[in-house]
Amino acid sequence: MIVIAIILLGYISFGRLSVDLFPDMNAPRIFVEIKAGERPPEELEKQFIEDIEAQSIRQKGVAQVSSVCMVGSARVTVEYNWGSDMDEAFLDLQKALTAYSQNSDIDEFTITQHDPNATPVIIIGMKHPEITDMDELRKVGENYIRNELIRLEGIADVTLTGTEEKEVLIETEQYKLDAYGLTTSQIVQEIQNVNRNVSGGTIVEMGKKYIIKGSSLVDRIEDIENIVLSYKLVNGTQNQNAVLKSPIFLKDVAKVSFVNKDPQNIVRINGERCVGLSIYKETGFNTVKAVEDLLVAFESIEKALPGYEFITVQNQGKFIQTAIDEVQETALVGILIAVFVLFIFLRRLKVTAIISFAIPISIIATFNLMYFNGLSLNIMTLGGLALGAGMLVDNAIVVMENIFRNMEQGMSVRDAAINGTAEVGGAIVASTLTTIVVFLPIVYLHGASGALFKDQAWTVAFSLLASLFVAILVIPMLFNYAYRKHKKDDKIKSVSIGWYGKLLSKILDRRGLVIASATLLLALTVYIFPYV
């Protein structure tokens, strides 16, 4: 019942283990980004970045602060010590930099844990056979698709590339400006004066307060064309009572049109223009699960937007799953080879089958420990399982051999299983613990090396502990079940290798030569170690 429970829990745990290429190696970082018009990098650094860096470096657990300034924008990277509580760090940094988000000189101020230089987990090309305007595709992408994807668990951001935006293009004619005595700066000023909201105060009447606001925002191209820039005399005449003037409209001196901006980048698939969707996951989230959820979401989006085509350009999840499958196949081949080698030396089908059971049961039990320890299926953990696959049968072989020895001495199957396991129990426990001690200190490493090898060390330790459990409890039970019909008078001899005893006898007779050879090999290893 215990074994069945372990197998059942292991199956459930295996289905819930996340899948990724490597363990979570992302350094704990928070990114602060600002945009402030077209200010030069030097001005941004002196006016904002130096103060932000000074505030950030004083936060708890901060290891390093760096920044990159560009024309009109800057990014500050705040790196924390490994093991820091990033949720608490994010809130503390956000609280410390609240004043900058209210600064009127900053157009945009964002604090995020998403690395803007990270590789997207999936890149999708979006196009429509009947829509060639990239601004229309941009609106669909930003207003609908991005909002649908950003709600998914583990999705940090969705960026669009290859888009175009509409802008009002005013093309002035210089000779007309000279004729009316106007300049481009006057045109800009008049447009700004018209396109704004003005507060007119409040009026209180009979206990009610009314807010007065003058609104003159333009929303049509005709509104811009009809902006009055100045006035001119009618026919250059003047009567006695008033001066007759006519307005000079913007359309009189310039051509106003609503066109697309020049794109910053262009995306093409098979020679056709399209919009690219780059989707990023949250740091530490399962890549394969994120991609699977995204593909399901795109199926729903395709049904909601008939005619739109979504073409997968890059898929990290598929690459990771392929790599994981290859490692799993390699581990499986290694297990089969280990079983084959066992059969060659044991030359008994029942015994080989009993010992071989130790491998899958130990691995399934390891999945339980991996799940409850928060590990994922990646190249390092699967490599740890493959590394421990050969060692998983060591304890089982020792127990099985001692049980057979007791049977050769005339014990019953039950007594041989009990006494044989008890006799070597302490030895295999000590052997297993000494092997675990070699790997377990890796768990205490810090930094990138610790993050990379920690999962592998845990996996090897868990698999060896599981193999010890199987050798002490499962192997005797299986042996008793397999040989329950064996009679005490039946002769069963364990497999012996005769030439090994003769070789060992000759080696013991030449102890001095063996010690000298070992010393020479050790000295040679020390000599060549610096060249490795």
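Residues numbered from 1 in each chain as written. Predicted model: local features only at pLDDT ≥ 70, side-chain atom pairs only at ≥ 80, totals over all residues. Heavy atoms only, no water.

J.: Can you help me understand the nonpolar core in this one?
T.: Where a protein is soluble and globular, its nonpolar side chains tend to be buried together. Counting 47 residues, the largest nonpolar core has Ile-355, Met-400, Ile-475 and Phe-479 as its most contacted members. Every element with two or more residues in this core is listed here: helix H11 (316-346), helix H12 (349-356), helix H13 (358-372), helix H14 (379-389), helix H15 (394-408), helix H16 (413-439) and helix H17 (447-482). Here this core gets 8 residues from one element, more than from any other, and that element is H17. If we ignore the near neighbours within four places in the chain, the residues touching Phe-479 are Ile-354, Met-400, Ile-403, Phe-404, Met-407, Val-413 and Ala-417. (Core = buried A, V, L, I, M, F, W, Y, C linked by side-chain atoms within 4.5 Å. Buried < 20%, exposed > 50% of the residue type's maximum accessible area, 1.4 Å probe, protein only. Helix = DSSP H or I, 4+ residues; strand = E, 2+ residues; numbered from the N terminus. Contact = heavy atoms within 4.5 Å.)

J.: How should the sheet that holds strand S3 (residues 73-80) be read in this particular structure?
T.: Hydrogen bonds along the backbone pair up the strands of a sheet, which may run parallel or antiparallel. Taken together, 4 strands build an open sheet; the order of strands is S2-S3-S1-S4 and the sheet is antiparallel. Each edge of the open sheet carries a strand with a single partner, namely strand S2 (62-70) and strand S4 (108-112). Mean inter-strand twist for the sheet, computed between neighbouring axes without regard to direction, equals 10°. Seen against the sheet, helix H2 (residues 41-57) touches strand S1 (29-35), S2, S3 and S4 and runs at an angle of roughly 165° to S2. (Pairing = 2+ DSSP bridges. Axes fitted to C-alpha atoms, helices over the stretch in contact; angles between N-to-C directions.)

J.: Sorry if this is basic, but what is going on with the packing of aromatic side chains here?
T.: Aromatic rings considered in pairs are described by the distance between their centres and by the relative angle of their planes. Considering all chains together, one arrives at 9 aromatic pairs under this definition. Measuring from centroid to centroid gives 6.3 Å for Tyr-100 and Phe-109, while their planes differ by 20°, and the two rings are stacked. The buried category is assigned to Tyr-100, whose relative accessible area is 13%. Ring geometry for Tyr-527 and Tyr-531: centres 6.0 Å apart, planes at 55°, overall tilted. For the pair Tyr-527 and Tyr-531, one class covers both residues: exposed. Taken together, the aromatic side chains of Phe-404, Phe-479 and Tyr-483 make up a single cluster linked through ring pairs. Note that Lys-251 overlies the ring of Phe-249, its terminal NZ or CZ placed 5.7 Å from the centroid. When the ring centre of Tyr-483 is taken as origin, the NZ or CZ atom of Lys-350, which lies over that ring, is 5.1 Å away. (Phe/Tyr/Trp six-rings, centres within 6.5 Å; stacked < 30°, edge-to-face > 60°. Lys NZ or Arg CZ within 6 Å of the ring centre and 35° of its normal.)

J.: I keep staring at a nonpolar patch on the surface and nothing clicks. Help me out?
T.: A surface patch of nonpolar side chains, about 670 Å² in accessible area, is lined by Trp-499, Tyr-500, Leu-503, Leu-504, Ile-507, Leu-508 and Val-514. Looking at which element gives the most residues to the nonpolar patch, the answer is helix H18 (residues 498-509), with 6 residues. When its relative accessible area of 41% is taken as the criterion, Leu-503 is described as partly exposed. (Patch = residues over 30% accessible without salt bridge, like charges linked within 9 Å, V, L, I, M, F, W, Y side chains within 5 Å. Areas by Shrake-Rupley, 256 points an atom, 1.4 Å probe, with all protein chains shown as cover. Salt bridge = Lys/Arg side-chain N within 4 Å of Asp/Glu carboxyl O.)

J.: Just checking my understanding: could you explain H11 for this structure?
T.: Turn by turn, an α-helix covers 3.6 residues, leaving residues three or four places apart pointing in a common direction. If you check H11, its first and last C-alpha atoms are 45 Å apart, about what 31 residues at 1.5 Å a residue would give, namely 45 Å. The set of residues buried in H11 consists of Gly-317, Ile-320, Ala-323, Ile-324, Val-327, Ala-331, Ile-335, Ala-338, Leu-342 and Leu-346. With a side-chain oxygen positioned 2.9 Å from the backbone nitrogen of Gly-317, the residue opening H11 is Asn-315. Just past H11, the residue Arg-347 takes up positive phi, approximately 60°. (Expected span 1.5 Å × (residues − 1). Polar contact = N/O pair within 3.5 Å; in protein donor to acceptor, adjacent residues only side chain to side chain.)

J.: Please clarify how helix H10 (residues 287-304) should be interpreted in this entry.
T.: A rise of 1.5 Å per residue sets the reference length of H10, with its 18 residues, at 26 Å; its end C-alpha atoms lie 26 Å apart and thus fit the reference within 8%. Residues of H10 that are buried include every one of Thr-287, Val-288, Ala-290, Val-291, Leu-294, Ala-297, Phe-298 and Ile-301, and no others. Buried positions along H10 lie against strand S5 (122-127), helix H5 (134-150), strand S6 (155-161), strand S14 (272-281), strand S15 (309-315) and H11.

J.: How do you make sense of the pattern of salt bridges when you look at a structure like this?
T.: If charged atoms from side chains of opposite charge come close, those side chains can pair. Across all of its chains, the model carries 16 salt bridges by this definition. Across the pair Arg-138 and Glu-142 runs a salt bridge, and its minimum N-O distance is 2.9 Å. Taken as a pair, Arg-138 and Glu-142 lie in helix H5 at a separation of 4 residues, close to a single helical turn. Overall, the relative accessible area of 12% leaves Arg-138 in the buried class. Its salt-bridge partner being Lys-176, residue Glu-173 comes within 3.7 Å of it at the nearest N-O pair. On the basis of relative accessibility, which here comes to 28%, the residue Glu-173 falls in the partly exposed class. In this structure Lys-176 comes out as partly exposed when scored by relative accessible area, which is 24%. Where salt bridges share partners, they join Asp-135, Glu-136, Arg-138, Lys-139 and Glu-142 into one cluster.

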